[in-house]
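The residues making up each chain are set out below.
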Amino acid sequence: MSIFKRRAAEPVGPVERPQVRQYRYLLGTADLPSLERLHDEALGTLDVLIRAHILRTAQDRTLSGRELTVDDVPEMARLLARAEVQAPGIVLGALTDAALERLAHRVVTLPDAEPHLEGYSGWDGVALAPRGLQPTAPDAVRETVVETSPVIMVAPQTASIGAPRSLASP
C-alpha cells in the first residue's frame, strides 16, 4: 500500500487561440451592420482558397447563398455574419482550424473592431445569450427580413387544403 495516491489525470481539451476567443466575443456582442462591415473588409483580404473554404462551409451549413462565388465578398460577409448571429457556431464550428484562425485574426485586428472588443477582458468565455436578427429601427424590420435574410420564407397557401389543386374550384 502506498501513501502517495495518484489522481486521475484531468482530460485536456483543445486550447482556444486568443484571437479566436476575441472573435467569438465580437460575434456575440457587435451589432449586425458592424459585423457585416468587418467581415466584408476581412474576407476581401483573405487568400482565395481560404475564402472558398469559408464560402463552401457557409453554403453547406446554412443551405443558402448557392449563387455566390468567392468574388462576391459583400454578400458572403452578409451570409456569414447573419448565420452566426442567428445560430452561433453554425459556420465557425465547421471551419478548419487554419481557416478559422485566419478569419478571426483578420476581423479582430481591424481598427473598426476595437470598440466592439471593449468588454472582452471581463468576459468569462461562456457562450453569450443568443440574439435575433431584429434591427433596432422598427421601419427596417420588413425590409431586412424579406430582402436580405438567409432564412427561407414560405409563401401562404392559396388553394384549399382539403382538396387537390386540380379539383379546387377556380
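These figures come from a predicted structure and were not determined experimentally. (Residues numbered from 1 in each chain as written. Predicted model: local features only at pLDDT ≥ 70, side-chain atom pairs only at ≥ 80, totals over all residues. Heavy atoms only, no water.)

**Here we look at the overall build of the protein**
So the rule is basically this: Numbering goes from the N terminus for both helices and strands, where a helix is a DSSP run of H or I of at least four residues and a strand is a run of E of at least two. Categorising residues by exposure relies on relative accessible area from a 1.4 Å probe, with only protein chains included: less than 20% of the type maximum marks a residue as buried, more than 50% marks it as exposed, and the intermediate range marks it as partly exposed. Any two residues having at least one pair of non-hydrogen atoms within 4.5 Å are treated as being in contact. Using a 1.4 Å probe, the Shrake-Rupley method yields the accessible areas, and only the shown protein chains count as cover for residues.
If you tally the helices and strands in the protein, you get six helices and zero strands. Ordered by position from the N terminus, the helices and strands of the protein form the series α-α-α-α-α-α. Every one of the 170 residues in the protein was classed for burial, and the buried ones make up 34%. By sequence separation, contacts in the protein at least 24 residues apart represent 69% of the contacts at least 6 residues apart. Accessible area of the protein: about 11400 Å², with a carbon and sulfur share of 56%.

**A look at the nonpolar core**
Soluble globular proteins: nonpolar side chains tend toward being buried together. Note the cut-off: Residue types Ala, Val, Leu, Ile, Met, Phe, Trp, Tyr and Cys, when buried and joined through side-chain atoms within 4.5 Å, form a set referred to as a nonpolar core.
One finds Y23, L26, L43, I54, L95 and L103 to be the most contacted residues of the largest nonpolar core, which totals 40 residues. Secondary structure elements with two or more residues in this core: α1 (18-29), α2 (32-45), α3 (48-62), α4 (73-86) and α5 (97-108). A per-element tally of this core places α4 first, with eight residues. Beyond its immediate chain neighbours, meaning those up to four positions away, L43 contacts R51, I54, V73, M76, A77 and L103.

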